[in-house]
Amino acid sequence: MEIKNMQGISYRRDLCDFCGTCVAVCPHDAIELSENDLQITEKCTQCMNCVYICPVRALGGSDE
Amino acid sequence: MNKKYDIVVVGAGPAGSTAARFAAQSGASVLLLEKDREIGIPVRCAEGVGEKGLETVVKIKPHWIAQEVSGVTLISPSEDRVDVESNEMGYVLNRKIFDYELAQMAATAGADVLTRAYVHGLLFREGKVSGVKLQHLDAELEVEASIVIGADGVESRVGRWAGLKTKTSMKDMETCAQVTASHIDVDERYCQFYFSNEKYPGGYLWIFPKGNGLANVGLGLSGEYSKHKSPLACLQDFLDAKFPHASILTTVAGGVPCSPTLEQIISDGLMLVGDAAHQANPVSGGGITSGMIAAKIAGQVAGAAIADGNVSKKRLTEYVNLWNKAEGNKHKVFYKLKKFVYNLTDEELDNAARILLDMPIEKRTLVNIFKSALIKHPSLIVDIIKAFA
Ligand SMILES: Cc1cc2nc3c(=O)[nH]c(=O)nc-3n(C[C@H](O)[C@H](O)[C@H](O)COP(=O)(O)OP(=O)(O)OC[C@H]3O[C@@H](n4cnc5c(N)ncnc54)[C@H](O)[C@@H]3O)c2cc1C
Ligand code: SF4
Ligand code: SF4
């Protein structure tokens, strides 16, 4: 299990379904999603929208 | 693929392929770009459609249909089951085949189609959209276009790049998980909907049969509530309780923006269609047909604008007006209805189910359901009647 930490958000590629739901609710356009990877850029303000919306909990706060 | 087209469509879902088909039919040169390796996969959808609306955009082919349904079963929190016959045929599609063939129809109409083409930005000339930047396999490419149509689904960024406000609020995002599973033993003549404000706040759980015990079982929750429990975890609980022997063939996640259409869906040389424009039905989250209805209009207007040599925002307003007339205005009413429906407590939902069960099945039309549910909200009834008049 690989956990990537970006801008204080943890991301688990093994759980991610690349559905794009997080991208749509990010207020700052901070999420870059391709067919098989996700990046959170420095535009992130740790608002947690993406963490709470992810249907499969592939994203988490850094302390979770 | 050329370096220059009249129209570039980003995203080959049902909306993108339909926009590309109608634009190509009008004589414009069209390129349809899809980031995935195969059109139609993955299927983030329960695949349910009504016959009437869809037939206005495409002739339905028998091999697209997994299962015909004649109505819905509404299931209350305490599990009273209310069958409601529909006034039109319903279908659960095989979207893998459906999406694929819609793209093929765009190609037949003359559009160029390219997969594994990830669009990551727009080109601008004098402040106006003039094409797209994309990665195709390992190559960085630029393609010029007079009009870019963003049909890039829920994750849409085409509009944002052009400066439109496209963000979805947490409350309006339905966050969903779904499995396609076998051994789902239900009456396959009906699509089933489970409602409960406690279990599925701001959304519902569905079982859409695909024939021979196969079904799409999924649920959506409003993003306002998904902080506490994920859709996938809720779905898992349901399956464990109801269908412990189900074999799960596919699991997908997804989201549907369930708001009225975005305020801005056009700009100079730019149009948004489908989920990218928030054109799904705000109550049901159904977006296949409505996205395709919008895409047909958008494709035709784009084609005509190219023929006129005028792709200004003003010229493209025709699309917005025709869309509002076709569906957009109704969606505003549905949105009010959604707020009402999803505010009902479990007790109120149970009561509504009992009232419906007392009605003979031939009287249980959707209009009567709304009338009985809305008895204390006459102003909303007036809105609904206006929307359907
Ligand atoms: C779980 C679930 C169940 C649903 N059930 C139903 C249902 O039963 N009935 C119904 O009518 N609707 C349903 N919907 C809604 C329906 O799936 C959508 O409304 C519909 O797919 C929208 O079509 P679209 O063409 O706008 O977008 P999509 O079908 O999402 O297509 C967008 C395409 O754009 C591509 N793309 C995105 N970004 C880029 C990029 N940068 N470059 C290139 N390509 C890109 C994507 O890969 C995708 O293929 C459901 C949705 C979900 C999540
Ligand atoms: S919402 Fe979750 S599953 Fe979907 S793309 Fe974002 S991180 Fe991945
Ligand atoms: S935490 Fe907020 S700002 Fe950061 S990526 Fe997620 S949604 Fe965007």
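Every chain is numbered independently, its residues counted from 1 as its sequence is written. Going through the entries in the order they are written, you letter the chains from A and number the ligands from 1. Local features are withheld for residues below a pLDDT of 70 in this predicted model, meaning they are given only at 70 or higher, and side-chain atom pairs are given and counted only at 80 or more; totals for whole chains, interfaces and linings count all residues. Think of the side-chain values as coming from all heavy atoms in the structure, minus any hydrogens and water.

Quick notes on the overall build of chain A
Phase 1 of the analysis: Secondary structure is summarised from DSSP: a helix means a run of H or I of at least four residues, a strand means a run of E of at least two, and numbering begins at the N terminus for each. The helix and strand inventory of chain A stands at two helices and five strands.
Phase 2 of the analysis: Shown N-terminal to C-terminal, the secondary structure of chain A runs as helices and strands in the order β-β-α-β-β-α-β.
Phase 3 of the analysis: Scaling as 2.2 N^0.38, a compact globule of 64 residues should have a C-alpha radius of gyration of about 11 Å, and chain A matches this with 10 Å.
Phase 4 of the analysis: With the C-alpha coordinates aligned to their principal axes, the bounding extent of chain A is approximately 25 × 25 × 20 Å.
Phase 5 of the analysis: When burial is assessed residue by residue, chain A has 55% of its 64 residues classed as buried.
Phase 6 of the analysis: The contact definition used throughout considers only heavy atoms, calling two residues in contact when any of these lie within 4.5 Å. If you take every contact in chain A between residues at least 6 apart in sequence, the share linking residues at least 24 apart comes to 48%. To get the radius of gyration, use the C-alpha atoms; to get the globule rule, take the number of residues to the power 0.38 and multiply by 2.2 Å. Each residue is placed in one exposure class: buried if its accessible area under a 1.4 Å probe, protein chains only, is under 20% of its type's maximum, exposed if it is over 50%, and partly exposed if it falls in between.

A look at the overall build of chain B
Phase 1 of the analysis: The helix and strand tally for chain B stands at ten helices and 16 strands.
Phase 2 of the analysis: Here chain B has a C-alpha radius of gyration of 21 Å; the compact-globule value for 389 residues is 21 Å, and the two agree.
Phase 3 of the analysis: With respect to the three principal axes, the spread of C-alpha positions in chain B is 60 × 45 × 40 Å.
Phase 4 of the analysis: Partitioning the contacts of chain B with sequence separation of at least 6, the portion at a separation of at least 24 is 70%.
Phase 5 of the analysis: Note on areas: Shrake-Rupley, 1.4 Å probe, and residue coverage restricted to the protein chains presented here. When the accessible surface of chain B is summed, it comes to about 16700 Å², and 52% of that surface belongs to carbon and sulfur atoms.
Phase 6 of the analysis: Lys and Arg are tallied as positive, Asp and Glu as negative. Neither His nor the chain termini are counted. Taken as the charge centre is NZ of Lys, CZ of Arg, CG of Asp or CD of Glu, depending on the residue. Where the 43 positive side-chain charges of chain B centre and where its 45 negative ones centre are 5 Å apart.

What about the domain arrangement of chain B?
Phase 1 of the analysis: Here chain B is described as being made up of domain 1 (4-44 + 96-168 + 259-329), domain 2 (51-92 + 170-257) and domain 3 (340-388).
Phase 2 of the analysis: Residue ranges for the domains trace back to a domain assignment, done automatically or taken from a database. Once you take the C-alpha centre of each, domain 1 of chain B and domain 3 of chain B turn out to be 36 Å apart.

A look at the site of ligand 2
Phase 1 of the analysis: Near ligand 2, the surroundings consist of C16, D17, F18, C19, G20, C22, L38, C54, P55, V56, A58 and L59 of chain A.
Phase 2 of the analysis: Three categories are distinguished: nonpolar for Ala, Val, Leu, Ile, Met, Phe, Trp, Tyr, Cys and Pro, charged for Asp, Glu, Lys and Arg, and polar for the others, with Gly belonging to the last. In terms of residue class, the shell around ligand 2 is made up of ten nonpolar, one polar and one charged. Nearness is defined per residue: one heavy atom within 4 Å of the molecule or strand is enough.

Side note on the interface of chain B and chain A
Phase 1 of the analysis: Tallying the contact residues gives 30 residues for chain B and 24 residues for chain A.
Phase 2 of the analysis: Summed over both partners, buried area is the accessible surface (1.4 Å probe) that two parts give up on being assembled. Between chain B and chain A lies a buried interface of about 2200 Å² when both sides are counted; carbon and sulfur atoms form 52% of it.
Phase 3 of the analysis: Salt bridge, as applied in this entry: a Lys or Arg side-chain nitrogen positioned within 4 Å of an Asp or Glu carboxyl oxygen. Where R37 of chain B meets E35 of chain A, a salt bridge forms, and the shortest distance between an N and an O atom there is 3.9 Å.
Phase 4 of the analysis: Side-chain atoms alone can form a polar contact between residues adjacent in sequence; in general such a contact is a pair of N or O atoms within 3.5 Å, and within protein one must be able to donate a hydrogen while the other accepts it. If you look at where chain B meets chain A, you find 16 residue pairs in polar contact (both at pLDDT 80 or more).
Phase 5 of the analysis: Looking at the side of chain B that touches chain A, the elements with two or more residues in it are strand 10 (173-182), helix 5 (231-242) and strand 14 (247-257) of chain B.
Phase 6 of the analysis: Broken down by element, the side of chain B that touches chain A gets its largest block of residues, five residues, from strand 14 of chain B.

Things to note about the site of ligand 3
Phase 1 of the analysis: Near ligand 3 there are 13 residues, and of these C26, C44, C47, M48 and C50 of chain A occur at the shortest range.
Phase 2 of the analysis: Taken together, the residues of the shell around ligand 3 sort by class into nine nonpolar, four polar and no charged.

Focus: the sheet that holds strand 1 (residues 3-6) of chain A
All names here are of chain A.
Phase 1 of the analysis: The pairing criterion is simple: DSSP has to find at least two bridges between the two strands. One open sheet holds the three strands; their spatial order is 1-2-5, and the pairing between them is antiparallel. Of all the strands in the sheet, just strand 1 and strand 5 (59-61) have a single pairing partner and so form its edges. Each adjacent strand pair in this sheet contributes to an overall mean axis angle of 30 degrees, direction not counted.
Phase 2 of the analysis: As paired elements, strand 1 and strand 2 (residues 9-12) share four bridges and run antiparallel to each other. Only C-alpha atoms enter the line fits that serve as axes; for helices the fit covers just the stretch in contact. Angles between N-to-C directions range over 0 to 180 degrees.

Focus: the sheet that holds strand 10 of chain B
All names here are of chain B.
Phase 1 of the analysis: Sheet architecture is open: eight strands sit in the order 3-5-4-11-12-13-10-14, paired in mixed fashion. Single-partner strands in this sheet number two, and they are strand 3 (48-50) and strand 14. Across the sheet, the mean angle from the axis of one strand to that of its neighbour is 30 degrees, orientation sign disregarded.
Phase 2 of the analysis: Where strand 10 lies against strand 13 (residues 214-222), eight bridges are found, and the strand directions are antiparallel. Across the sheet, E174 pairs through a bridge with S222, a residue of strand 13.

So, the packing of helix 1 (residues 14-25) of chain B against helix 3 (residues 95-108) of chain B
Residues and elements named next belong to chain B.
Phase 1 of the analysis: Relative to each other, helix 1 and helix 3 sit at 20 degrees, their axes nearing to 8 Å. The angle between helix 1 and helix 3 falls in the class roughly parallel. For helix 1 against helix 3, the interelement crossing comes out left-handed. In this structure, helix 1 uses P14, S17, T18, A20 and R21 to contact helix 3, whose residues at the interface are R95, F98, D99, L102, A103, M105 and A106.
Phase 2 of the analysis: Along the lines of polarity and charge, the residues of the contact of helix 1 with helix 3 split into seven nonpolar, two polar and three charged. Geometric relationships in this document are graded by angle, where less than 35 degrees denotes roughly parallel, more than 145 denotes roughly antiparallel, 65 to 115 denotes roughly perpendicular, and other angles denote oblique. Helix crossings are classified by the rotation of the near helix relative to the far one: an anticlockwise turn of less than a right angle makes the crossing left-handed, while a clockwise turn makes it right-handed.

As for the pattern of salt bridges
Phase 1 of the analysis: Applying the stated criterion across every chain yields a total of 20 salt bridges over all chains.
Phase 2 of the analysis: Residue D237 of chain B pairs with K229 of chain B through a salt bridge whose shortest N-O separation is 2.4 Å.
Phase 3 of the analysis: Under the relative-accessibility criterion, D237 of chain B is labelled partly exposed at 41%.
Phase 4 of the analysis: We classify K229 of chain B as partly exposed; its relative accessible area is 36%.
Phase 5 of the analysis: With its nearest N and O atoms 2.7 Å apart, the salt bridge here joins D308 of chain B to R315 of chain B.
Phase 6 of the analysis: Each of K4, R13 and D37 of chain A takes part in a single network of salt bridges with overlapping partners.

Observations concerning the side chain of T168 of chain B
Phase 1 of the analysis: Mapped onto the fold, T168 of chain B is located in the loop between helix 4 (158-161) and strand 10.
Phase 2 of the analysis: The class of T168 of chain B is buried, set by a relative accessible area of 2%.
Phase 3 of the analysis: Residues within four places of T168 of chain B in sequence aside, it is in contact with A24 and V25 of chain A together with M173, P257 and H278 of chain B.

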